[in-house]
Structures are given as structure tokens and as C-alpha cells.
Amino acid sequence: MLKNILFAMIFFIGISCFAKTFDFVVKDENNYAIDGASVTVNGVEKLTDIFGKASFEIDGDFTEVEVKKAEYYNLRFSLNEKKRRESEMEIVLKKNALSLVSFNFNMDQGSMRYKELGGEEVKELQFSDSFLKMNLPEGRYEFIFSSENYIDRKEIVAIKSGFTTFNIELEKKSDKFFVVTDTSKSPGALFLDDFPEGGSAIKNCKLVFLRAGLPVKEINFKKNFEFTDLNYGVYDLKMTAPGYKPLQLDGLVISENSKKVILLNMEPLKVFVNGSTHFKESLIGGVDVIFTGEDGSSYSFKSDLSGNFIGTIRPGKYRVNVEKPGYVLKATDDSAYDFSKHDEIYSLQLELDEIPSVVRGVVLDRNGSPISEAKVLIRVEDTETGFQTDKNGSFSGEVGYGVAFVKIEKSGYRPFGTIKRIQRFSTVNNLVFSLNPYLSSISGFLTNGVNPLKNVKLLLYESDDKFIASSVSGKNGYYEFPDLNILKEYHIKIDDSNYLEYSSEKLLLGKENVENFNLILTSSNLKFILELTKPGGDMVSNELVVVNGQKFITDINGIIIDEIKNFSKKENIRVEIPKYDLRKIFKFSPEDKRPFKIKMTLE
């Protein structure tokens with residue numbers, strides 16, 4: 001609360017012991033007359049004129065005088081008999097001390113309601129351009145800040161003399177939305193209650209939300225939908241994807257009434273391709289011409305009896321291949337093409353070669369997953385041909401015809417052999433071979449450094465963080481991961497609320513079982529020592545202290561030695577002294593020494 005500071009300089013002008021009229025002359029500190037000041041004598045109020053004068057008829061033995069003027073400190077005093085013998089009194093009012101207060105906001109415009117703490121009169125001001133400046137007397141005030149699409153914020157602020165700046169941030173109102181891409185409808189945006197059925201997903205799509213021409217959110221789609229938070233408001237949208245016309249939408253309104261699925265449709269770009277398939281001087285019909293894009297998309301067109309084909313594909317880079325029994329694309333032809341310019345027509349002349357036989361197949365493991373870099377040897381009579389599987393486990397190539405001996409080898413797997421008959425001028429597709437791996441195991445004991453830990457879940461990963469298996473420690477802390485592929489790097493992770501998160505060193509597994517791979521966990525409780533003192537250095541005993549929501553009491557030495565239950569290493573340490581309304585945050589790093597030492601001084 002502001003306290004009125006009374007300041008008066010009284011000069012007595014003129015002596016008249018028996019004057020019945022008494023003049024009060026009110027001036028400021030610079031000796032200038034104050035016009036319109038309120039002067040009240042024995043309950044009678046008058047305002048000073050342009051000369052700062054107010055005249056009264058003075059009777060009685062005792063006179064109460066009060067002088068008031070906005071922006072000045074009030075003055076109140078008693079006029080005794082001695083003073084009343086004078087005919088005039090000069091009164092000097094001191095300017096009220098105001099503080100210049102400015103507010104910076106994280107929104108363009110809004111309103112601010114405020115009142116003096118404990119008072120009833122509420123005033124309201126509007127702000128724009130994220131800024132508000134005002135003068136306020138010293139004191140404690142209650143402020144409520146409001147803005148459209150933001151949550152109201154209430155603050156209790158102490159205003160001191162001088163210049164003070166406050167940065168006020170309001171939390172935006174927002175909601176969660178599913179953003180779905182599609183090509184089955186006209187280009188644009190639709191708000192739906194649920195996911196659409198059917199449709200065609202758009203891959204590698206980039207979506208940008210803009211406000212006032214500036215990007216505020218960007219989504220890179222890894223699948224045909226993404227889950228995201230959007231603040232309420234009006235947005236412009238820009239969406240791009242390889243092989244599609246850019247989509248731009250203006251004035252998309254997001255509000256609490258908006259349906260939670262946003263369907264965005266894009267229009268595919270088109271490229272026209274045509275050409276012919278021929279062998280030497282002859283046109284060959286019935287050939288499947290296959291275009292395979294970098295994104296995995298595929299188009300196939302069959303040449304007619306005259307060897308001609310025509311079709312449309314999306315713009316991009318493609319590999320072109322042909323399928324027809326007894327023929328392949330000539331090796332001298334470059335099968336990689338760039339069809340990036342949409343709405344153009346590309347013509348291809350594809351020359352074929354006749355081949356004796358072709359084999360195509362795949363090598364899988366026992367779980368049906370492809371095995372890359374496996375060596376496939378096919379021997380027909382005295383000719384042996386070798387292949388290596390790609391990342392999809394696939395292999396293909398030309399071989400002789402007749403009885404073929406097939407052998408497959410891969411490091412870490414048991415070799416496999418079989419016999420196949422290959423017909424002359426034939427194409428053998430869909431050969432599937434399975435390899436069984438050499439298997440090994442990892443085992444050990446889980447402890448806290450002293451005692452075994454039971455019923456703790458362990459997770460096994462490969463070096464690329466691919467999840468492999470889980471295990472639970474037994475009553476003596478023993479765990480085991482059996483039947484593991486060899487020649488791979490593994491590591492073990494443990495995420496248990498009772499212990500700090502743990503990740504073991506990486507382990508290259510060979511044919512021999514790994515035993516006694518013992519693991520030690522550290523409790524998630526954080527030991528700490530807190531010392532609480534007064535500004536002079538005296539200890540504060542028997543004081544309630546709240547640390548991360550847990551209550552503690554200082555001892556006679558102002559010290560707490562205890563631990564925070566279930567402390568996460570990603571947390572900071574939050575300390576509150578409720579009695580003194582004191583709060584502090586201490587940054588914590590897993591590398592910090594334990595017990596963690598905290599020293600606080602009451603302010």
C-alpha cells in the first residue's frame with residue numbers, strides 16, 4: 001500500500017490578529033501556484049483559483065485543514081489559535097512518486113485488468129503491437145492479462161519506484177489434429193470426423209503452416225498421416241511432394257469447433273511415355289515395359305502386336321526394365337531415365353536380347369526376413385555362375401540350362417545346397433531359399449553392486465537400436481538371452497522406475513556363448529544435502545522445505561540430509577520455502593556428484 005507522505009513548507013505572510021478571512025495559497029515544489037487543489041476546512045471544501053488561493057471565514061478555537069490534488073501527496077493538519085491570527089498560509093504540495101511500468105507480450109493485442117491489492121476498483125487497458133506502457137504509484141497490484149486464442153493469466157506484482165519492465169507470455173489455446181494426405185479427391189482441404197476409407201497415400205510430402213506470411217509449423221510426412229498440435233487461428237498452407245502439383249490454401253480456420261481430421265488432397269503430375277520394343281530388326285509385341293521409381297512406385301505397359309507401347313507416369317527418375325520369356329533388355333542400353341519434366345512426352349526405343357535362361361530368387365532367414373550379401377553359386381555342367389543378394393535378399397542373372405547344383409553361403413549362417421532343373425530359354429522366377437543361422441547366447445547377473453536384483457525387465461537391441469528380445473531377471477538376478485544370431489553387435493537397455501536408466505556397452509557376439517555379462521544398476525532415488533541460512537549466515541532450523549513435491553524439515557543446524565524418491569536424471573531440482581514464498585530451481589546433471597549439495601539463503 002502506498003503511504004501518503006506529508007510534506008509542507010509553511011510561510012506566514014501578513015499579521016492580523018483579528019482577521020476573520022483566512023487565505024490558503026497552495027504551491028508546488030517549484031513555487032508555482034496549483035490551480036484546482038481541494039482545500040477543506042472544518043468540513044467546508046473549496047478549490048484554489050489560478051493563483052492557488054482559497055479563502056475561508058475562520059471561527060472557533062480549533063480548525064482541521066485538508067489539502068488534496070491529483071498526482072500530489074495529500075496534506076492534513078490542525079490550525080490552532082496562534083496560526084489563525086495570521087491572515088494567510090502558504091502550503092507546498094509534493095509531487096506523488098509514480099513508477100513507469102512497461103509490459104512486453106508474446107501476442108499482438110489484448111487487454112489488461114488491474115487493481116491495487118486489497119482494493120476494489122478494477123481498471124482495464126487495451127494493448128497493441130505487443131506492448132503497453134503506463135504510470136503507477138508504488139504498491140502491490142493484481143493483474144489479469146487476456147487475449148483472443150490465449151489462456152488468461154493472473155499475476156501479483158510489486159511495483160517499485162523507477163522504471164520496471166515485465167515480459168508476459170500467455171499460453172495459446174490449441175488442439176490435436178490428424179493431418180492426412182490423399183489423391184482420391186479434388187485438390188484442397190476437408191475437415192472430417194474420422195479417417196477416410198480408401199484413397200492413395202502421398203509419400204515424401206512436406207507441409208508448411210503460415211501465419212501473416214511467416215512459417216509457424218512444418219510437417220514432413222513419413223507416412224500418409226501425422227498427428228500434430230495446432231494453435232487456434234487462421235492459417236495459409238503450402239504443401240509439396242515429388243510428382244504432385246504444389247497445393248496452396250489460404251484462410252484455413254482452426255478453432256475449437258474444427259473437426260479433428262484434416263484431409264489434404266493433391267493432384268498428381270503426369271508424364272507421357274511411348275516407344276517400341278524390338279530384337280535386332282524385328283519389332284517384338286507382348287513385352288511388359290516396367291517403370292520403377294526411386295520412391296518404389298511402379299508402372300507397367302505392354303507393347304502391342306506392332307511392338308509399340310504408350311502410357312502416363314508421375315514425374316521423377318525411373319529404371320526401365322522389360323519382361324518377356326526368352327528376352328531381356330540389351331545390356332548396352334541405359335535403364336536409368338529422368339522423366340522429371342511434367343506434361344512432356346518421352347519416346348523410348350528399347351532393344352531386346354534373347355537369353356538362354358534366367359533365374360530370379362530370394363534368400364531369407366528362418367523368420368522370413370531377407371538376407372543381404374549372401375553368395376549364391378549355380379553350377380551347370382562345368383560352368384559355375386555366382387550371384388550376391390541385394391538389400392532385399394534378391395538375386396537374378398543368366399545361367400546355362402540343364403541340371404543345376406545350387407549352393408548358398410553367408411557368414412553367420414549354415415550353408416545350404418539343393419538341385420534344380422532349368423529349361424532351355426526359360427525364366428525361372430520366385431526361387432526361395434532359407435538359411436539357418438549359427439546361434440549363441442548372452443547371460444549374466446543383475447545387481448545393485450551388492451545384492452542381486454530380481455523381476456527387472458531387460459531389453460536386447462542390435463547396434464542400430466533394433467529391438468530383438470526381452471528377459472526378466474530371476475530371484476538370484478540371473479538373466480539370459482538365448483538363440484541369438486552371431487556376428488552381430490548387441491547391447492542391453494534397462495528402463496525401470498526404481499533405477500537410473502541403463503544401457504550396456506556394445507558386444508560383438510561370436511559362436512561362443514557369452515556368460516557372466518554382469519550388469520550393475522543405480523537406484524533412481526537422489527541423495528541430497530540442503531543447508532538453509534538467513535542473510536547473516538544464521539541457520540534456519542525446524543523449517544518446512546518442499547523438494548520436487550516432497551516435504552522435509554530442517555534440523556537444529558538448518559540442514560536436511562535425505563533423498564528424492566524416483567528422481568529422473570532428466571529432472572531439475574525444485575526447492576520451495578512456503579513460509580517465505582521462496583522458490584528456486586537447481587540444474588542437475590547425471591555427472592553431478594552425489595549426494596547433491598544445495599545451499600539456500602532466505603531473501
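A quick note: this is a predicted structure, and the numbers were derived from the prediction, not measured.

This part takes up the overall build of the chain. Across its full length, the chain holds one helix and 54 strands. Against the 2.2 N^0.38 benchmark of 25 Å for 603 residues, the chain shows a C-alpha radius of gyration of 43 Å, more extended than a compact globule. The C-alpha extent of the chain, read off along each of the three principal axes, is 145 × 70 × 40 Å. Expressed as a percentage of its 603 residues, the buried residues of the chain come to 39%. A sequence separation of at least 24 residues applies to 56% of the contacts in the chain between residues at least 6 apart. Here the chain has roughly 35400 Å² of accessible surface; of this, 47% comes from carbon and sulfur atoms. Of the charged side chains in the chain, 79 are positive and 87 negative; the average position of the first set lies 3 Å away from that of the second.

On to the sheet that holds strand β26 (residues 288-293). Within a beta sheet, neighbouring strands are joined by backbone hydrogen bonds and run either parallel or antiparallel to one another. Read across the open sheet, the four strands follow the order β27-β26-β29-β31; overall the sheet is antiparallel. The open sheet has two edge strands with one neighbour each: β27 (298-302) and β31 (336-339). Taken pair by pair, the neighbouring strands of this sheet meet at an average axis angle of 30 degrees, ignoring direction. Sheet topology note: the β26/strand β29 (residues 316-323) ladder contains six bridges and is antiparallel. Following the sheet pairing, aspartate 288 is matched in β29 by glutamate 323.

Read from one edge of the open sheet, four strands run β50-β49-β52-β53, paired in antiparallel fashion. Bordering the open sheet on either side are β50 (550-553) and β53 (582-586), each of which pairs with just one other strand. When the angles between neighbouring strand axes are averaged without regard to direction, this sheet yields 25 degrees. In this structure, strand β52 (residues 573-577) lies alongside β53, joined through five bridges in antiparallel fashion. In the sheet register, valine 575 faces β53, and the bridge partner there is lysine 584.

A regular strand places its side chains so that they alternate between the two faces of the sheet. Extensive coverage of strand β23 (residues 261-265) is indicated by the burial of five of its five residues. Burial of the side chains of β23 extends over both faces: Val261, Leu263 and Asn265 are buried on one face and Ile262 and Leu264 on the other. Alignment of strand β16 (residues 174-182) against β23, held across five bridges, turns out to be parallel. Counterpart to valine 179 in the pairing with β23 is isoleucine 262.

Attention now moves to the confidence of the model for the chain. Put simply, the chain has an average pLDDT of 85, and 95% of its residues get 70 or more. Confidence, read as mean pLDDT per element, is least for strand β1 (residues 11-12) in the chain (33) and greatest for strand β41 (residues 457-462) (94). This stretch, residues 1-19, has a pLDDT under 50; its non-local contacts, to residues over four places away or in other chains, come to 42 contacts.

Turning our attention to the side chain of serine 111. One can find serine 111 in strand β10 (residues 110-116). Of the residues examined, serine 111 reaches a relative accessible area of 11% and is grouped as buried.

Moving on, we get to the packing of aromatic side chains. In total, this model carries 28 aromatic pairs according to the counting rule given. With a centroid separation of 6.2 Å and an interplanar angle of 45 degrees, the aromatic rings of tyrosine 141 and phenylalanine 143 are classed as tilted. Residues tyrosine 141 and phenylalanine 143 agree in their burial class; the two are buried. Between the aromatic rings of phenylalanine 209 and tyrosine 235, the centroid separation amounts to 5.6 Å while the plane-to-plane angle is 80 degrees, which identifies the pairing as edge-to-face. Taken together, the residues span a long stretch of sequence, with phenylalanine 209 in strand β18 (residues 206-211) and tyrosine 235 in strand β21 (residues 233-240) at a distance of 26 residues. Just as phenylalanine 209 is buried, tyrosine 235 falls in that class too. Within the aromatic cluster, the residues linked to one another by ring pairs are Phe103, Phe105, Tyr114, Phe127, Tyr141, Phe143, Phe145 and Phe166. Taking the ring centre of tyrosine 461 as reference, the NZ or CZ of lysine 493 above it sits at 5.0 Å.

Before going further, it helps to spend a moment on a nonpolar patch on the surface. Taken together, Val403, Phe405 and Ile419 make up a surface patch of nonpolar side chains, about 250 Å² in accessible area. Secondary-structure assignment places isoleucine 419 in strand β38 (residues 416-422). Under the relative-accessibility criterion, isoleucine 419 is labelled exposed at 51%.

Side-chain pairs of opposite charge can arise whenever the charged atoms involved come near each other. What the rule picks out here adds up to 15 salt bridges. Linking glutamate 142 and lysine 154 is a salt bridge whose minimum nitrogen-to-oxygen distance equals 3.5 Å. Of this pair, glutamate 142 sits in strand β13 (residues 139-146) while lysine 154 sits in strand β14 (residues 153-159); the two residues are 12 residues apart in sequence, bridging distant segments of the chain. Lysine 330 is the salt-bridge partner of glutamate 351, the closest N and O atoms lying 3.2 Å from each other. On the criterion of sequence distance, the pair formed by glutamate 351 in strand β32 (residues 345-354) and lysine 330 in the loop between β30 (327-329) and β31 is long-range, its members being 21 residues apart. Residue class for lysine 330 comes out partly exposed when judged on its relative accessible area of 24%. Salt bridges linked by common partners bring Glu576, Asp581 and Arg583 together as one network.

Moving on, we get to the pairing of strand β33 (residues 357-364). Here β33 lies mainly inside the structure; seven of its eight residues are buried. Taken together, the seven bridges between β33 and strand β39 (residues 426-434) define a ladder with parallel strand orientation. If you follow leucine 364 over to β39, its bridge partner there is serine 434. The sheet contact formed by β33 and strand β36 (residues 394-398) spans five bridges and is antiparallel. Across the sheet, residue valine 358 finds its bridge partner in β36, namely glutamate 398.

With respect to the helices and strands, the residue aspartate 365 is situated in the loop between β33 and β34 (375-380). It turns out aspartate 365 is buried and unbridged, and the closest side chain with the opposite charge, lysine 466, is 6.8 Å from it. Among the polar contacts listed, one links the side chain of aspartate 365 to the backbone nitrogen of serine 369, at a separation of 2.8 Å. Excluding its chain neighbours within four sequence positions, the residues that come into contact with aspartate 365 are Ile371, Tyr413 and Leu435.

Attention now moves to the layout of surface pockets. Each pocket or cavity is described by its volume, and for the largest pocket that value is around 620 Å³. Lining the largest pocket are 24 residues, and of these Asn321, Val322, Val358, Arg360 and Ser396 lie nearest its centre. Counting residues per element, the ones that place at least two in the lining of the largest pocket are β26, β29, β30, β33, β36 and β39. Grouping the amino acids of the lining of the largest pocket by side-chain chemistry returns 11 nonpolar, nine polar and four charged.

So, how was this worked out
- Residues numbered from 1 in each chain as written.
- Predicted model: local features only at pLDDT ≥ 70, side-chain atom pairs only at ≥ 80, totals over all residues.
- Heavy atoms only, no water.
- Helix = DSSP H or I, 4+ residues; strand = E, 2+ residues; numbered from the N terminus.
- Rg over C-alpha atoms; globule rule 2.2 N^0.38 Å.
- Buried < 20%, exposed > 50% of the residue type's maximum accessible area, 1.4 Å probe, protein only.
- Contact = heavy atoms within 4.5 Å.
- Areas by Shrake-Rupley, 256 points an atom, 1.4 Å probe, with all protein chains shown as cover.
- Lys, Arg positive; Asp, Glu negative; His and termini not counted.
- Charge placed at Lys NZ, Arg CZ, Asp CG, Glu CD.
- Pairing = 2+ DSSP bridges.
- Axes fitted to C-alpha atoms, helices over the stretch in contact; angles between N-to-C directions.
- pLDDT = per-residue confidence, 0-100.
- Phe/Tyr/Trp six-rings, centres within 6.5 Å; stacked < 30°, edge-to-face > 60°.
- Lys NZ or Arg CZ within 6 Å of the ring centre and 35° of its normal.
- Patch = residues over 30% accessible without salt bridge, like charges linked within 9 Å, V, L, I, M, F, W, Y side chains within 5 Å.
- Salt bridge = Lys/Arg side-chain N within 4 Å of Asp/Glu carboxyl O.
- Polar contact = N/O pair within 3.5 Å; in protein donor to acceptor, adjacent residues only side chain to side chain.
- 1 Å grid on protein atoms, 1.4 Å probe; cavity = no way out; pocket = protein on both sides within 12 Å on 5 of 7 lines; lining within 4 Å.
- Points joined across faces, edges and corners; volume = space filled by probe spheres on them.
- Nonpolar A, V, L, I, M, F, W, Y, C, P; charged D, E, K, R; others polar.

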